[in-house]
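Report on the structure
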Amino acid sequence: MPLVKIEILQGKNREYKKALMDGVHNALVEALKIPDYDRNQRLYELNAENFEYIDTRTDCNTIIEITMFEGRSRAAKVELYSAICRNLETNPGIPANDIIIVLNEIPLHNWGIRGGKPADEVDLGFAVKV
């Protein structure tokens, strides 16, 4: 049940934004083995005055923050970074150097889900330890 927050510069078209969100989601399914239906994403479009970045990046600069259950292996995280960059380079064409990915890992007991139960007391339907 990762929660994804994506920040980009304002002005990209609908197809670009859809490809961006699909690319991140598909990487989560591939690398972390989450169910395909488990999609929780937010896309924030910022105007140029509210989005500063170093001048070696293009206007495709993209920041991706993923808040997820604690417990994934380092190998799964490396696979996730690679899959996100590969997917987004392919479509919508974001250079890998323009992508920053930050993972926030939260212990299961700090997630209230499915009617207010701690996530460590719920059958999630998928393995967290990948």
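Note that this is a predicted model, so its numbers are computed, not measured.

Thresholds applied
Residues numbered from 1 in each chain as written. Predicted model: local features only at pLDDT ≥ 70, side-chain atom pairs only at ≥ 80, totals over all residues. Heavy atoms only, no water. Helix = DSSP H or I, 4+ residues; strand = E, 2+ residues; numbered from the N terminus. Buried < 20%, exposed > 50% of the residue type's maximum accessible area, 1.4 Å probe, protein only. Contact = heavy atoms within 4.5 Å. Disulfide = S-S within 2.5 Å. Lys, Arg positive; Asp, Glu negative; His and termini not counted. Salt bridge = Lys/Arg side-chain N within 4 Å of Asp/Glu carboxyl O. Polar contact = N/O pair within 3.5 Å; in protein donor to acceptor, adjacent residues only side chain to side chain.

**Observations regarding the environment of Leu9**
Following the sequence through the fold, Leu9 ends up in strand E1 (residues 3-9). In this structure Leu9 comes out as buried when scored by relative accessible area, which is 12%. Separated by 50 residues in the primary sequence, Leu9 and Asp59 place their C-alpha atoms 6.8 Å from one another. Setting aside chain neighbours within four positions, we find Leu9 in contact with Leu46, Asn47, Ala48, Phe51, Tyr53, Asp59 and Asn61.

**Here we look at the environment of Tyr37**
Looking at the element boundaries, Tyr37 is found in the loop between helix H1 (14-32) and strand E2 (41-46). Tyr37 sits in the exposed class, given a relative accessible area of 66%. Sequence spacing of Tyr37 and His25 is 12 residues, and the spatial spacing of their C-alpha atoms is 9.7 Å.

**Points about the state of the cysteines**
Under the criterion given, the structure shown has zero disulfides. Counting only cysteine sulfurs, Cys60 is the nearest neighbor of Cys85, a cysteine outside any disulfide, at a range of 13 Å. According to the relative accessible area criterion, Cys85 is buried, its value standing at 17%.

**Looking at the side chain of Arg72**
Topologically, Arg72 is positioned in the loop between strand E3 (62-69) and helix H2 (74-90). No salt bridge is formed by the buried Arg72; the nearest opposite charge belongs to Glu105, separated by 6.3 Å. Within the structure, the side chain of Arg72 is placed 3.1 Å from the backbone oxygen of Phe69, a separation counted as a polar contact. A polar atom in the side chain of Arg72 sits 3.2 Å from the backbone oxygen of Val128. Beyond its immediate stretch of four places on either side in the chain, Arg72 contacts Leu32, Ile34, Lys77, Glu105, Phe126, Val128 and Val130.

Keep in mind that these numbers describe shape and distance, not what the molecule does.
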